[in-house]
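# Working through the structure, step by step
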Amino acid sequence: MKHVVRRFHASNRILASNNVTQSGNFERTQATNHARQERKPSSFIDLKCVNAVSGAGGNGAIHFFKGLVNPIGPPCGGNGGRGGDVYVVASKEVTSLGGLLNRYRAVNGGGGDRQNKHGRDAPSMEIVVPVGTLVRQVDSLQEIALAKQMAMMPKEPEDAVPEQNAAPQTEDEVNPEIEEVLTEEELEEIEAATLAEQAKKRELKKERQLEFIQQHFIFRKDYVPHADRIKLLRSRIPPRLPPQPTVHLDLSRDGERHLIVRGGRGGFGNPHFSSNEIKGPGIASRGEMGSSIWLELELKTIADVGLVGLPNAGKSTFLSKVTNATPKIASYPFTTLNPYVGTIEYSDNHTITIADIPGLVAGAHLNVGLGHEFLRHVERSTVLVYIIDLGALDCASDFRVLRNELERYQTGLTLKPSLVVANKADLGPVAKENLAALQKEVAACAVADGKELVVIPVSARDEKNVGVALSHLRRLVAQTKKNE
Ligand SMILES: Nc1nc2c(ncn2[C@@H]2O[C@H](COP(=O)(O)OP(=O)(O)OP(=O)(O)O)[C@@H](O)[C@H]2O)c(=O)[nH]1
Ligand SMILES: [Mg+2]
């Protein structure tokens, strides 16, 4: 049998300090400490938040051809280039989110130049993620904090009566009592003050308008546009593009590529603004700003088969015998700390991918052991394989524990087409006795679910009966895919 393997990087999965102990459960004691000491920190990460920022467009330029006759010739400022887009790409060459940066910032577009030279368009930037990554747009941390703050702010009582604003008095409606009291000079002073106030307001409005215009346009040195030009320029501001839809992607194919944030458009050089009225425009437009969004990336392995079992049941041994994956195998629990994916290659070159994940224990949903977060890696498997240790004290109870944890992770997960591999069948009479008890329990579950559930005794270590399990797996995967 030929084997091809896709392997996740070694893990630095955080061994969350978890001292929860329940009777009958594994405690994360010496065994896990052992595993922790033996493993060097590495980069397996299956959940990550990244910030994607597109590049700003380049500014348009203000230039004029200079001739011998005419020192200020026709306008020749080039347009600005486009800012870089940010894409997300799925690649089977990448197996973890561990290598991703926290921020992806695309380059800004180049500015325009003299002699109608346009700025260069910036290259796009790619966030390369493993196949099986889910990409969701989320609020930035600041936005989440702000929303929380707003929610905590006391609301205005509904029955509060709004303050009655007295209608402004016009000149003719001056309170007669005041008129009686104020002298003519005093009234003139008030009038002058009001006029000054109004002039100040007008000035302020003009300043604001200019500021707004300057956000979109660049002017030749010392040029301050008049009110009519400001009005004209306002009408020349390019309309905004429709907002991009919220990002929500499931990257399941190798090479899949999606636009995440669009780069800003480049600004126009001054020739764009020449017209019959304006022959030598000292104006160019600025490039559009880039956009920034936050993405939550979650890796959920897509394999045909997902192996689930208690620690030490022999999942990694099984994987190592049916593929050429080389997971660590040892006689202490929690040897496997991050998912592995291997490929079973049948003699007719048919292939099936199979994912081994860290062991589950009772209470994994409460973060006992390594927790049940790793189940995201079998969630999307076509078929589940329960690996049960026939040397354990109570195999039937082990099977119940596994099913319970699967259901707690995701309701209905146990209804997936499944196979029970009763491992360590080489252990003699104990194994035989346990196998009978397990078969009884599995049969009861199969009846309750109305599903076919077969138990295949194997010895992964001695490679006994493994071929039967593989044939059964192939049939189950094919059948399920056909029905989908
Ligand atoms: N007797 C016997 N021992 C086995 C068999 N399969 C695995 N083992 C032993 O069981 C122990 C655990 O095997 P692993 O494959 O590391 O178990 P695991 O389920 O991957 O364990 P975790 O990664 O800790 O969850 C090792 O000492 C293996 O040699 C088998 O078929 N028979
Ligand atoms: Mg293992």
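This text goes with the structure placed above it.
Remember, it's a predicted structure, so these values are computed and weren't measured experimentally. (Residues numbered from 1 in each chain as written. Chains lettered and ligands numbered in written order. Predicted model: local features only at pLDDT ≥ 70, side-chain atom pairs only at ≥ 80, totals over all residues. Heavy atoms only, no water.)

In spatial order, the strands read β5-β3-β9; together these three strands make up an open sheet with mixed pairing. Strands at the two margins of the open sheet, each flanked by one partner only, are β5 (125-130) and β9 (257-261). Each neighbouring strand pair of the sheet contributes to a mean axis angle of 30 degrees, computed without reference to strand direction. Relative to β9, strand β3 (residues 86-91) is paired through four bridges, and the arrangement is antiparallel. The partner of V89 across the bridge, within β9, is R257. (Pairing = 2+ DSSP bridges. Helix = DSSP H or I, 4+ residues; strand = E, 2+ residues; numbered from the N terminus. Axes fitted to C-alpha atoms, helices over the stretch in contact; angles between N-to-C directions.)

As paired strands, strand β16 (residues 418-423) and strand β17 (residues 453-457) are joined by five bridges and run parallel to one another. Across the sheet, S418 pairs through a bridge with L453, a residue of β17. Note that the unit made of β16, helix α8 (residues 429-449) and β17 has a crossover that is right-handed. (Right-handed = clockwise from strand over helix to strand, strands pointing away.)

On to the side chain of D389. Summarising the element assignment, D389 is placed in strand β15 (residues 383-389). With a relative accessible area of 16%, D389 lands in the buried category. Here G391 takes part through its backbone nitrogen, which lies 2.7 Å from a polar atom of the side chain of D389. Sequence-distant contacts of D389, defined by excluding residues within four places in its chain, comprise N312, A313, C395, N423 and K424. (Buried < 20%, exposed > 50% of the residue type's maximum accessible area, 1.4 Å probe, protein only. Polar contact = N/O pair within 3.5 Å; in protein donor to acceptor, adjacent residues only side chain to side chain. Contact = heavy atoms within 4.5 Å.)

Around the magnesium ion (ligand 2), the donor atoms from the protein are S316 (OG) and T336 (OG1), and they sit 1.9 to 2.1 Å away. With a gap of 20 residues between them, S316 in helix α6 (residues 315-322) and T336 in the loop between α6 and β13 (340-345) connect regions that are remote in the sequence. Judged by relative accessible area, T336 falls into the buried class, the value being 7%. (Donors = N, O, S within 2.8 Å, 3.2 Å for Na, K, Ca; no water.)

Positive phi outside glycine occurs at F334, with the angle close to 60 degrees. Summarising the element assignment, F334 is placed in the loop between α6 and β13. Relative accessible area serves as the criterion here: at 2%, F334 is assigned to the buried category. One non-glycine residue, E463, lies in positive phi territory at about 55 degrees. With respect to the helices and strands, E463 occurs in the loop between β17 and α9 (466-483). E463 gets classed as partly exposed once you look at its relative accessible area, which sits at 49%.

The next subject is the packing of helix α7 (residues 395-409) against α8. Their axes nearest at 7 Å, the elements α7 and α8 cross at an angle of 35 degrees. Along its contact with α7, which presents C395, A396, F399, R400 and R403, the element α8 presents N434, A437, L438, E441, V442, C445 and D449. Of the residues in the contact of α7 with α8, the class split is seven nonpolar, one polar and four charged. (Nonpolar A, V, L, I, M, F, W, Y, C, P; charged D, E, K, R; others polar.)

Our focus in this paragraph is the sheet that holds strand β4 (residues 103-105). Ordered by their spatial adjacency, five strands build an open sheet running β4-β2-β11-β6-β8, and the pairing between neighbours is mixed. Both outer strands of the open sheet, β4 and β8 (248-251), are each paired with one neighbouring strand and no more. For this sheet, the mean inter-axis angle between neighbouring strands, taken without regard to orientation, is 25 degrees. Summarising the sheet, strand β6 (residues 133-138) and strand β11 (residues 292-299) pair through six bridges and their orientation is antiparallel. Paired with R136 across the strands is E296, a residue of β11.

Considering all chains together, one arrives at 21 salt bridges under this definition. Two residues, E288 and R265, come together in a salt bridge whose shortest N-O distance is 2.7 Å. Remark: R265 occurs in the loop between β9 and β10 (283-285) and E288 occurs in the loop between β10 and β11; sequence separation between them is 23 residues. The partly exposed category is assigned to E288, whose relative accessible area is 27%. You can call R265 partly exposed: its relative accessible area is 24%. For D304, the salt bridge is made with K481, and the minimal N-O distance between the two is 2.8 Å. (Salt bridge = Lys/Arg side-chain N within 4 Å of Asp/Glu carboxyl O.)

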